[in-house]
Amino acid sequence: MKKGTIKNAIGGLFRGRYGADQYGRFLLIFALIIMVIGMITNNVAGTILMGIATGLIIYAYVRMMSKKPQKRREENRVYLYRRNSVLAFFKITWRKLKEGRSYKFFKCPKCAIVVRIPKGAGTVQITCPKCGEKFIKKA
Ligand SMILES: [Zn+2]
């Protein structure tokens, strides 16, 4: 068998299939982490974790092999939206830990961006730097 033939065979296998996306990669990495925890957990919990990891890998594979790209793209979009929300939450939590002593944090009621005001500034009108919404808060 020539090299090109193998390449064509693999190419044929994935033709018309959805393939990998960010959500798929996340599922595989998550499955791998669960698997490692499962391996070092030497009891029933470990077996359950291995089962969950196997299920996730099968699910990730089925998604990659899917012939309904629109549905998969929608799943990926929802995943990215949630991931960004989680990242934003950790980012703001980190900032609050770091700067919480000298600043108060407020969420813009319109666009939800977080702005900080020095503590002790009193009642101030805040203009959102992103959307221009004005709101009054006490810092
Ligand atoms: Zn805003």
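Residues numbered from 1 in each chain as written. Predicted model: local features only at pLDDT ≥ 70, side-chain atom pairs only at ≥ 80, totals over all residues.

Here we look at the pairing of strand S3 (residues 123-127)
Next up, step 1: The buried fraction of S3 amounts to zero of the five residues, a small share that puts the element mostly on the outside.
Next up, step 2: Of the strand pairs in this sheet, S3 and strand S4 (residues 134-138) are connected by five bridges, and their pairing is antiparallel. Counted as the bridge partner of Val124 is Lys137 from S4.
Next up, step 3: Adjacent in sequence and paired antiparallel, S3 and S4 are bridged by six residues, among which Gly132 carries a positive phi angle near 80 degrees. (Buried ≥ 20, exposed ≤ 12 C-beta atoms within 10 Å, placed from the backbone. Helix = DSSP H or I, 4+ residues; strand = E, 2+ residues; numbered from the N terminus. Pairing = 2+ DSSP bridges.)

Focus: the packing of helix H2 (residues 22-40) against helix H3 (residues 44-64)
When two helices pack together, their arrangement is given by the angle between the helix axes and the distance between those axes.
Next up, step 1: Put simply, H2 and H3 touch, their axes get as near as 8 Å, and they point 160 degrees apart. The orientation of H2 relative to H3 falls into the category roughly antiparallel. For the element pair H2 and H3, the recorded crossing hand is left-handed. Here Gly24, Leu27, Leu28, Phe30, Ala31, Ile34, Met35, Ile37, Gly38 and Met39 of H2 come into contact with H3, specifically with Gly46, Leu49, Met50, Ile52, Ala53, Leu56, Ile57, Tyr59, Ala60, Arg63 and Met64.
Next up, step 2: Looking at the contact of H2 with H3 residue by residue, the classes come out as 17 nonpolar, three polar and one charged. (Axes fitted to C-alpha atoms, helices over the stretch in contact; angles between N-to-C directions. Parallel < 35°, antiparallel > 145°, perpendicular 65-115°, else oblique. Left-handed = near helix turned anticlockwise from the far one by under 90°. Contact = placed C-beta atoms within 7 Å. Nonpolar A, V, L, I, M, F, W, Y, C, P; charged D, E, K, R; others polar.)

A look at H3
Next up, step 1: Over its 21 residues, H3 runs 30 Å from end to end, which matches the ideal 30 Å to within 8%, given 1.5 Å per residue.
Next up, step 2: Within H3 the residues assigned to the buried category are Ala53, Ala60 and Arg63. Down the axis of H3, the buried set is contained in an arc of 85 degrees. They therefore lie on one face. H3 presents Val44, Thr47, Gly51, Gly55, Ile58 and Val62 as exposed residues on the side facing more than 90 degrees away from its buried surface.
Next up, step 3: Residues of H3 that are buried sit in contact with H2 and helix H4 (69-99). (Expected span 1.5 Å × (residues − 1). Arc of directions from axis to C-beta.)

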